[in-house]
Amino acid sequence: MVVSHFLKWIDTAKVGERAAAAAALASAYVNREMPFEDRCAAEAALTLLLDDPSSKVRQALAEALSMSVHAPLQIIAALAADQPDVAAMVLARSPLLTDADLIDRVASGSIAIQKLVADRPVVSMSLSAAIAEVGEAEACVVLLRNYGADIASLSFRRMAERFGHDAHVREALAADPRLPSDCRHLLLVKLGEALKASPFVMALMGAARAEKVTRDACVKSSLTLIEGTRANEHMALVEHLRLRGDLTASFIIRILAHGKVDFFGAALVVLTGRDEPRVRALLSAGQDVALTALLRSAGLADASHAIILRALKIWREVANGRRVAGAQEVSWLMLKELGGQAAEGELASLVKSIHLEALRENARGHALAIAAA
């Protein structure tokens, strides 16, 4: 009887009155305050309100129904497909929308719609994957800042590949503790590319100088990245570097000079195809002959074997507590293996540059310590 009067009344009621009545009827429906027959009639009336010409009425309906699991599914689906100010609350909150519904909206919706979906209280891994694959940069930033979003490693990688050039996406990715190490390296590369292409940098340094400076900065940043990478992620990062062509002999020598022996071992596993326990055993206690064969199998030039073996022996002594040493001393002893400061050639230049960088870093650290005392 009440619903019957309601349906006759709405034809002459003002917009504000219709909106208030729609909200009241919807609230009564989801709170189950009616007998079964009245609920059926109320559902029919609520469905009829979807055709109301005023978006304010449909918006009131959406607000009242958006958070309820008892809302009529056909009404929720219609509201989700309505104009943005009506659909917003349903897309952002309704527990009745499935991942398939939301993925369709992400694929076909505007940036505003994508951001609403990305900011839902709970975002599943499949929905996160859809946003990472087809969402705009702004939606990806919202997703990354949503602690209720379950994001797969592959989705992090896709966002880094698609929007690594965007400063806001880079910042959001870098701030996420779940970001895999290979993605962090990709962000470093993207940042280097952005700096290299900057008109200011080009005007200040020129193309060739900018290329060298950014490349050197990426290498140094990669060393810092390795320090913060968990051992179980080493293989993924090594494979990423290999596929990008960044796992060069000079990079391998550099990481060993800085004592990244575990990462060096992961690189040898990938480059040689040997099983990890065998490689680890050789690095910790293997004889020179076996280690030389391993290095040759990894494609490292014979000229580099002596300095690699020298560095390994020093780091073994450090690990066993028989010696205290750092990158400065190790790189100096590697250089002595090549003939000292008078040594010439590409390999000697590389080791000299590593040694000079270590000297500079140690001096900087010493100065900062004095200033802080």
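A brief look at the structure comes next. The shown structure was predicted, so the numbers you read here are calculated from the model rather than taken from an experiment. (Residues numbered from 1 in each chain as written. Predicted model: local features only at pLDDT ≥ 70, side-chain atom pairs only at ≥ 80, totals over all residues. Heavy atoms only, no water.)

## Comments concerning the overall build of the protein
Part 1: Within the protein, the secondary structure is distributed over 23 helices and zero strands.
Part 2: Within the protein, the proportion of its 373 residues that are buried is 43%.
Part 3: Taking as baseline every contact in the protein between residues at least 6 positions apart, the subset at least 24 positions apart corresponds to 58%.
Part 4: When the accessible surface of the protein is split by element, carbon and sulfur atoms take 57% of a total near 19000 Å². (Helix = DSSP H or I, 4+ residues; strand = E, 2+ residues; numbered from the N terminus. Buried < 20%, exposed > 50% of the residue type's maximum accessible area, 1.4 Å probe, protein only. Contact = heavy atoms within 4.5 Å. Areas by Shrake-Rupley, 256 points an atom, 1.4 Å probe, with all protein chains shown as cover.)

## Looking at the nonpolar core
Part 1: Counting residues in hydrophobic clusters, the biggest one holds 59 residues, and the most contacted among them are L61, L65, I131, M159 and L173.
Part 2: Excluding its chain neighbours within four sequence positions, the residues that come into contact with M159 are A132, C140, L143, L144, I151, G164, V169 and L173.
Part 3: I226, V238, L247 and L291 belong to the second largest nonpolar core, which has 41 residues in total. (Core = buried A, V, L, I, M, F, W, Y, C linked by side-chain atoms within 4.5 Å.)

## Here's the deal with the packing of helix α17 (residues 249-257) against helix α23 (residues 346-372)
Part 1: Two elements in contact, α17 and α23, have axes whose closest approach is 11 Å; the angle formed by their N-to-C orientations is 35 degrees. For α17 against α23, the interelement crossing comes out right-handed. Between α17 and α23, the residues in contact are S250, I253, R254 and A257 and L347, L350, S353, I354 and E357, respectively.
Part 2: Its residues assigned to classes, the contact of α17 with α23 comprises five nonpolar, two polar and two charged. (Axes fitted to C-alpha atoms, helices over the stretch in contact; angles between N-to-C directions. Left-handed = near helix turned anticlockwise from the far one by under 90°. Nonpolar A, V, L, I, M, F, W, Y, C, P; charged D, E, K, R; others polar.)

## Examining the packing of helix α19 (residues 276-285) against helix α20 (residues 288-297)
Part 1: For the pair α19 and α20, interaxial distance at closest approach is 9 Å and the crossing angle is 130 degrees. The angle between the axes of α19 and α20 places the two elements in the oblique class. Viewed along their axes, α19 and α20 form a crossing whose handedness is left-handed. Residues V279, L282 and L283 of α19 form the contact with α20, whose own contacting residues are A290, L291 and L294.
Part 2: Per-class residue counts for the contact of α19 with α20 are six nonpolar, no polar and no charged. (Parallel < 35°, antiparallel > 145°, perpendicular 65-115°, else oblique.)

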